[in-house]
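Structural features, examined
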Amino acid sequence: MASKLADAGERLVVLGRISGLFGLRGELKVNSFTEPPEGICNYTPWLLQRGKVVTEHKVATGRRRGNAGVVVTLEGVADREGALALIGAEIAVRRAQLPPPEDGRHYWIDLEGLKVETVDGVALGEVSHLFETGANDVIVVRGDRERLLPYVPQVVKDVDLAAGVMRVDWDPEF
């Protein structure tokens, strides 16, 4: 669940969104895309984007709070009025802030832009983006046409980030 934001050419990863207020002291409710949800608090600073404006904020405190989800306070946001201005902002971090993925796993943002070819060397296009379904994640490949490939080991045979190539077991006619 990642999308890119522009920040002086750096790759940014969206980890959540500020969804509302919690209390009167500037606390914010956060819709986190991390697992576990409160893990979003471990990444600081946050780059908050509302419209075309991006601001940097350090997380002061964060915790899971029952049905409210994740509740955070940000340095420099001390009251309800200051927090109100942040509702709806996407929460992003710099790609470099993320830990290295486990062996055999990849961050979606690292897959975006890879050339996709079949195991027989037939070019299918480039990874545009990925999205979740209930069953599995899906890779959107744009080339001569758009293809939706399941992101499962039976299809994705090799990801070579250094070469910028993903090899898939896929019929190019499909």
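Everything in this summary refers to the structure shown in the same document. Within any chain, residue numbers begin from 1 and follow the written order of that chain's sequence. Residue-level local features of this predicted model are given only where pLDDT is at least 70; pairs of side-chain atoms are given and counted only at 80 or more, and the full residue set underlies all totals for whole chains, interfaces and linings. The side-chain figures draw on all heavy atoms in the structure; neither hydrogens nor water molecules are used.

Considerations on unusual backbone geometry
- Residue Pro 36 is bonded to the preceding Glu 35 through a cis peptide linkage, with omega at 0 degrees.
- Secondary structure follows DSSP: runs of H or I at least 4 residues long count as helices, runs of E at least 2 residues long count as strands, and numbering of each begins at the N terminus. You can see Pro 36 is positioned in the loop between strand 3 (27-32) and strand 4 (46-50).
- Backbone torsion omega between Thr 44 and Pro 45 reads 10 degrees, so that peptide bond is classified as cis.

Observations regarding the sheet that holds strand 14 (residues 165-168)
- Reading across from one edge, 12-11-10-9-14-13 is the order of the six strands in this open sheet, with mixed pairing throughout. Of all strands in the sheet, those with a lone pairing partner are strand 12 (146-150) and strand 13 (156-160), marking the two edges. Adjacent strand axes in the sheet meet at a mean angle of 35 degrees when their direction is disregarded.
- Two strands pair when backbone bridges link them, and strand 9 (residues 115-118) and strand 10 (residues 123-132) are joined in this way by three bridges, in the antiparallel orientation. The partner of Val 116 across the bridge, within strand 10, is Gly 125. Between any two strands, at least two bridges found by DSSP are needed for them to pair. Angles run from 0 to 180 degrees between N-to-C directions of axes, and those axes are lines fitted to C-alpha atoms, restricted for helices to the stretch in contact.

Looking at the pairing of strand 13
- The sheet contact formed by strand 13 and strand 14 spans four bridges and is antiparallel. Counterpart to Val 156 in the pairing with strand 14 is Val 168.
- Two successive antiparallel strands, strand 13 and strand 14, enclose a turn made up of four residues, where Gly 164 displays a positive phi of approximately 75 degrees.

Keep in mind these numbers describe shape, not what the thing actually does.
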